[in-house]
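# Commentary on secondary and tertiary structure
Each chain is listed here by its residues.
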Amino acid sequence: MTVLLIILAILIFLNILPIGARVIYDESGVRVRAVLGLIQFQVVPGKPKEPKDPEAEAEEKRKKKKEKAEKKAKKEQKPKKPKKYKPKQPLGVTIQEFLPFIRLGLEALGDLRWIFTIHKLNLDVTYGGSDAGKVAMNYGMICGILGTTLPMLTGALRIRRYDVRPVLDYNCKDVRIVADACVTITLGRVMLYLIRYGWKALKLWRNKKRKGGATV
């Protein structure tokens, strides 16, 4: 009994454990960190590879090229079997019969956003340049775009915390972007999603078979 409880606890823990990625972009480039609960570790960029010996690398390339040529020669020596012509069989289904499945697919795509959780979305865009008038115009334009798109974005996605803002700095010579986003999923949420839409698809399929619909 104790072992079963331990296994059940582990399964529950795995189903609620958030896993995902955190992407950071700044002047130093792109960094990607894998997220496992409260633990994060960097995956991009990885550890720098040790430089190989040029002679050993050239020898390795020659071996690979030789093996590839030998495989190609063996393949060409084998007699090719004549392909048998098989007439294509009509599926016997119409678009109307698949419309319920298409609608279900679109519904599933719409609900796909609830699997993901954006824990943090930070974006700073610093505007600058030599032409003060142009910089001010671009700054006002981006403020208007953000004012329109942010409510749509927060309504379409599950975002817990976000800070998206343009920064006006006449001392900056160019446009600078700093971004930090953390996206996770849970296995439990994915399983519920698959079970829900798998069951709906199965019900549609059974209804089609009862009504004498074609099977593929």
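Structural notes, computed from the coordinates. (Residues numbered from 1 in each chain as written. Predicted model: local features only at pLDDT ≥ 70, side-chain atom pairs only at ≥ 80, totals over all residues. Heavy atoms only, no water.)

## Digging into the overall build of the chain
When helices and strands are tallied, the chain shows five helices and six strands. Helices (α) and strands (β) of the chain occur, in sequence order from the N terminus, as α-β-β-β-α-α-β-α-β-β-α. For the chain, buried positions account for 17% of its 216 residues. Surface accessibility of the chain: about 17,700 Å² in total, with carbon and sulfur atoms responsible for 63%. (Helix = DSSP H or I, 4+ residues; strand = E, 2+ residues; numbered from the N terminus. Buried < 20%, exposed > 50% of the residue type's maximum accessible area, 1.4 Å probe, protein only. Areas by Shrake-Rupley, 256 points an atom, 1.4 Å probe, with all protein chains shown as cover.)

## Some words on the packing of aromatic side chains
Throughout the structure, instances matching the rule amount to two aromatic pairs. Between the aromatic rings of Tyr-193 and Tyr-197, the centroid separation amounts to 5.1 Å while the plane-to-plane angle is 50°, which identifies the pairing as tilted. With Tyr-193 and Tyr-197 both in helix α5 (residues 187-210), this residue pair falls four residues apart, about one helical turn. Neither Tyr-193 nor Tyr-197 differs from the other in exposure class; each is buried. (Phe/Tyr/Trp six-rings, centres within 6.5 Å; stacked < 30°, edge-to-face > 60°.)

## Thoughts on the sheet that holds strand β6 (residues 176-186)
Two modes of strand pairing occur in sheets, parallel and antiparallel, and in both the strands are linked by backbone hydrogen bonds. On the basis of which strands lie adjacent, the open sheet formed by six strands has the order β3-β2-β1-β6-β4-β5 and mixed pairing. Edge positions in the open sheet fall to β3 (39-44) and β5 (162-168), since each of these has one partner strand only. Pairwise comparison of adjacent strand axes, ignoring direction, gives a mean angle of 15° for this sheet. When strand β2 (residues 29-36) meets β3, the two strands line up antiparallel, connected through five bridges. By the bridge assignment for β3, Ala-34 is matched with Phe-41. α5 contacts β1 (18-26) and β6 of the sheet and is inclined by roughly 65° relative to β6. (Pairing = 2+ DSSP bridges. Axes fitted to C-alpha atoms, helices over the stretch in contact; angles between N-to-C directions. Contact = heavy atoms within 4.5 Å.)

## Concerning the side chain of Lys-120
Counting through the fold element by element, Lys-120 comes out in strand β4 (residues 117-127). Of the polar contacts made by the side chain of Lys-120, one reaches the side chain of Asp-180; its length is 3.1 Å. Ignoring any residue separated from it by four or fewer positions in sequence, one finds Lys-120 in contact with Arg-22, Arg-161, Asp-180, Ala-181 and Cys-182. (Polar contact = N/O pair within 3.5 Å; in protein donor to acceptor, adjacent residues only side chain to side chain.)

## Overview of unusual backbone geometry
In this chain, Val-44 is followed by Pro-45 through a cis amide linkage whose omega measures -5°. Take Pro-45: it is sitting in the loop between β3 and α2 (54-77).

## Let's talk about the nonpolar core
In this structure, Ile-118, Leu-121, Val-125, Tyr-127, Val-135, Ile-142, Leu-146, Leu-150, Ile-159 and Val-164 together form the largest nonpolar core, which totals 10 residues. Among the elements of the structure, β4 and α4 (132-156) are those that each provide at least two residues to this core. Not counting the four nearest positions on each side in its chain, Leu-150 is found in contact with Tyr-162 and Val-164. Residues Leu-104, Ile-115, Tyr-193 and Tyr-197 belong to the second largest nonpolar core, which totals five residues. (Core = buried A, V, L, I, M, F, W, Y, C linked by side-chain atoms within 4.5 Å.)

## Regarding the pairing of β4
Pairing geometry for β4 and β6, over nine bridges, is antiparallel. Directly across from Val-125, in β6, lies its bridge partner Ile-177. Taken together, the seven bridges between β4 and β5 define a ladder with parallel strand orientation. Its bridge partner being in β5, Val-125 is matched across the sheet by Pro-166.

## Some thoughts on α4
Taking 1.5 Å per residue as the helical rise, α4 with its 25 residues ought to reach 36 Å, and the 36 Å between its terminal C-alpha atoms agrees with that figure. Largest kink in α4: about 30°, centred on Thr-149, with the proline Pro-151 one to four residues after it. Within α4, burial applies to Val-135, Ile-142, Leu-146 and Leu-150. At its buried positions, α4 is contacted by β4 and β5. (Expected span 1.5 Å × (residues − 1). Bend = angle between axes of the 7 residues up to and from the residue.)

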